[in-house]
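Tertiary structure, described
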Amino acid sequence: MNERKTYPLYFVYGALILYVALCVIPGLIGIGYSFTDWSSYSDEINFIGLKNFATIFSPDENYVEYLSNTILFTLVTTICKSVIGLSLAVLLTKKIRGLNIHRAIMYMPAVISTLIVGMTFKSILNPQIGLLNESLRSIGLDVFALKWLTDSKIAFWSVMAVDIWKGVGYIMTIFIAGIMAISPAYFEAAEIDGATSWQKFKSITLPLLMPTIAVTTVLNVLYGLKVFDIVYSLTNGGPGYATEVLYTGVYKEFSQGRYAVGTTLSSVMFVVMLFVGYFMIKIMTKKEVEE
Amino acid sequence: MKYRKIANSIAVNAIAWIVSAILIIPLLLILINSFKTSIAASDMNLVLPSEWKFDNFLVVIQKGKLDTAFLNSMIYSVGSVTLCTFLASMASFVLSRRRKRSSKLLYLFFVLGITMPINFVSLMKVMQVMHLYNTRFGVILLYAALQMPFTIFLTYGFISKIPRDIDEAAVLDGCTPLRLFFSVILPLLKPVLITVMVLTFLNTWNEFVLPLYFTGSTDKWPMTLAVYNFFGIYFKDWNLICADIVLTSVPVIIVYFLGQKYIVSGMTSGAVKG
């Protein structure tokens, strides 16, 4: 059978054209534009060398803070989602009544639009009338009824907490699938040897789940670095610059017409993500390559 | 020993319920308040409404221009789902069947897109040059393009498991490549295609960043942006905001319950391979 004839390359063209034109090219020319003074104020675009990069990393501007916020967000949400997600997964693979109801409920926040989650939590975290503070006051914990989203010291932590609320069900679901893929024979053998639950978790579940943990970690890191939706809908970077991350920064530059700085921020991201992405692809396609 | 087991089981069940409650209460809060009067909803609590206001939903549809927004969301979702599924499965088929190294590399090039961040600023330039800026067609193409990598990743894996003998038999019977794909291969892809379509639909429906950047006029906004805009104007009427949120989320919830199995299998494939 003639491979070229049976599987013609023109099958690939449609997907390739769309992907290259709208994903790859913008990324590449974006790097080109980051060496220019492109803005909405002037029609001329001049080459200005590394000036934009100097602006981004200069201590007088806030961009470094965006960067450190993004990294903090990524670290905290990745760790919390992994730990909580794994604990819930272990819990929900035990014999529990109404298991499927629990799983369905816990995955639900993941399918709802982040914008809507943001609006919902704007109400819940409202200092005066929000559900959280009302509940805290009703049980006498007035001290903890804080200004969750408007106090610049805790606003970013509130944003991260809401993000964990939304994302943990997804991570949990992946872990559940991972645990279910472990052969029950291991657990049965351990049972006969009289192992405790903790010993079973430590010596069977955890080591055999390592590939899954690697994948969820990469997923969480990629998500964290790219985060925009939840910050935009909850605080839009405020109060001040307290919750500003890279992508909200890009949007601000974009809406103020300072395209060059926006594209430079994006390009820094592009390079970092391709690097992270390389490892992700290696993990995700590992099995296929082995086959 | 027996008591310990019972106590354990009670504790485990209790924890499961507490976690479920934490995750469902915010959603219930929205649902309950969408039926209240404006004054009753201003407290935003979990008390059931004393007076059920079903016309909140009608008010929202009119004031929030939800009919246009619904139509836009539908156009974006259905359009990009169709285009993306179609192009991605064709490409995956050829890429996974060809044994050459170049096909493998091309596949990896596509998959790399899963991690690639979007440069919205330069994307605007590209959209302008292609005359796609501020058009519905442009938004559809964008969604299709952005979801291409993951869709190809899923369908490629599935097609690799379909035996080549089928192709050979079909070719011997005189099938052209197009016929082979559309009448022989495509029907076999049904499970993965449903997964892909459900996921692409949900992603497109929930997304709002692309229209935020690339549609200047409100008449092209999808439901997510319309509800956010509504939130800005009627920020005192939480009952209406909640009703708007409920209407925006209903399609997603329906798709979720109908396609739960497919969503989970799609979201976990790649992560867990057994």
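So, a few notes on the structure that sits alongside this text. (Residues numbered from 1 in each chain as written. Chains lettered and ligands numbered in written order. Predicted model: local features only at pLDDT ≥ 70, side-chain atom pairs only at ≥ 80, totals over all residues.)

Thoughts on the overall build of chain B
How we decide: Numbering goes from the N terminus for both helices and strands, where a helix is a DSSP run of H or I of at least four residues and a strand is a run of E of at least two. Only C-alpha atoms enter the radius of gyration, while the globule expectation follows 2.2 Å times N to the 0.38, with N the number of residues. With C-beta atoms placed from the backbone, the exposure class of a residue follows from how many other C-beta atoms lie within 10 Å of its own: 20 or more, buried; 12 or fewer, exposed; in between, partly exposed. For the purpose of contact definition, each residue receives a C-beta atom placed from its backbone, and two residues are in contact when these atoms lie within 7 Å.
A count of helices and strands for chain B gives 13 helices and 0 strands. When its helices and strands are written in sequence order, chain B yields α-α-α-α-α-α-α-α-α-α-α-α-α. A globule of 274 residues ought to have a C-alpha radius of gyration of about 19 Å, yet chain B, at 24 Å, is considerably larger. In terms of its C-alpha atoms, chain B occupies a principal-axis envelope of roughly 70 × 70 × 35 Å. Within chain B, buried positions represent 47% of all 274 residues. Considering only intrachain contacts with a sequence separation of at least 6, the fraction spanning at least 24 residues in chain B is 75%.

Observations regarding the overall build of chain A
Secondary structure assignment for chain A yields 15 helices and 0 strands. By its C-alpha atoms, chain A is 75 × 75 × 30 Å across when sized along the principal axes. Evaluated residue by residue, chain A yields a buried proportion of 44% over its 291 residues. A separation threshold of at least 6 residues defines the contact pool for chain A, and within that pool the share at least 24 residues apart is 70%.

Observations regarding the interface of chain A and chain B
This is how the line gets drawn: Under the scheme applied here, ten amino acids are nonpolar (Ala, Val, Leu, Ile, Met, Phe, Trp, Tyr, Cys and Pro), four are charged (Asp, Glu, Lys and Arg), and all others, including Gly, are polar.
Residue-level contacts link 82 residues of chain A with 76 residues of chain B. Top contributing element to the side of chain A that touches chain B by residue count: helix α2 (residues 10–33) of chain A, with 16 residues. When grouped by side-chain class, the residues that make up the side of chain A that touches chain B number 54 nonpolar, 21 polar and 7 charged.

Thoughts on the packing of helix α4 (residues 63–91) of chain A against helix α8 (residues 155–180) of chain A
All names here are of chain A. Quick note on the threshold: A fitted line through C-alpha atoms serves as each axis, taken over the contacting stretch for helices, and the angle formed by two N-to-C directions is quoted from 0 to 180°. Angular relationships are summarised with four words: roughly parallel below 35 degrees, roughly antiparallel beyond 145, roughly perpendicular across 65 to 115, and oblique for the angles in between. Two helices crossing with the near one rotated counterclockwise from the far one by less than a right angle form a left-handed crossing, whereas a clockwise rotation gives a right-handed crossing.
One way to put it is that α4 packs onto α8 with a least axis distance of 7 Å and a crossing angle of 45°. Judged on the interaxial angle alone, α8 and α4 are oblique. In this structure, α4 meets α8 at a crossing whose hand is right-handed. Looking at the contact of α4 with α8 residue by residue, the class counts come to 17 nonpolar, 5 polar and 2 charged.

Digging into α2 of chain A
Given 3.6 residues to a turn, an α-helix orients residues that are three or four positions apart in the same direction. Inclusion rule: Given the number of residues in a helix, its expected span is that number minus one, multiplied by 1.5 Å.
In this model α2 of chain A runs 32 Å from its N-terminal to its C-terminal C-alpha over 24 residues, within 8% of the 34 Å that 1.5 Å per residue would give. Inspection of α2 of chain A places Phe 11, Val 12, Ala 15, Leu 18, Tyr 19, Leu 22, Cys 23, Pro 26, Gly 27, Gly 30 and Tyr 33 of chain A among the buried residues, and these make up the whole buried set.

Some remarks on the packing of α2 of chain A against helix α4 (residues 66–97) of chain B
Packing of α2 of chain A against α4 of chain B brings their axes to within 7 Å, and their N-to-C directions diverge by 120°. In terms of orientation, α2 of chain A lies oblique with respect to α4 of chain B. In this structure, the crossing between α2 of chain A and α4 of chain B has a hand that is left-handed. Along its contact with α2 of chain A, which presents Phe 11, Val 12, Gly 14, Ala 15, Leu 16 and Leu 18 of chain A, the element α4 of chain B presents Leu 87, Ala 88, Met 90, Ala 91, Phe 93, Val 94 and Leu 95 of chain B.

Purely spatial values, then, with no claim about function.
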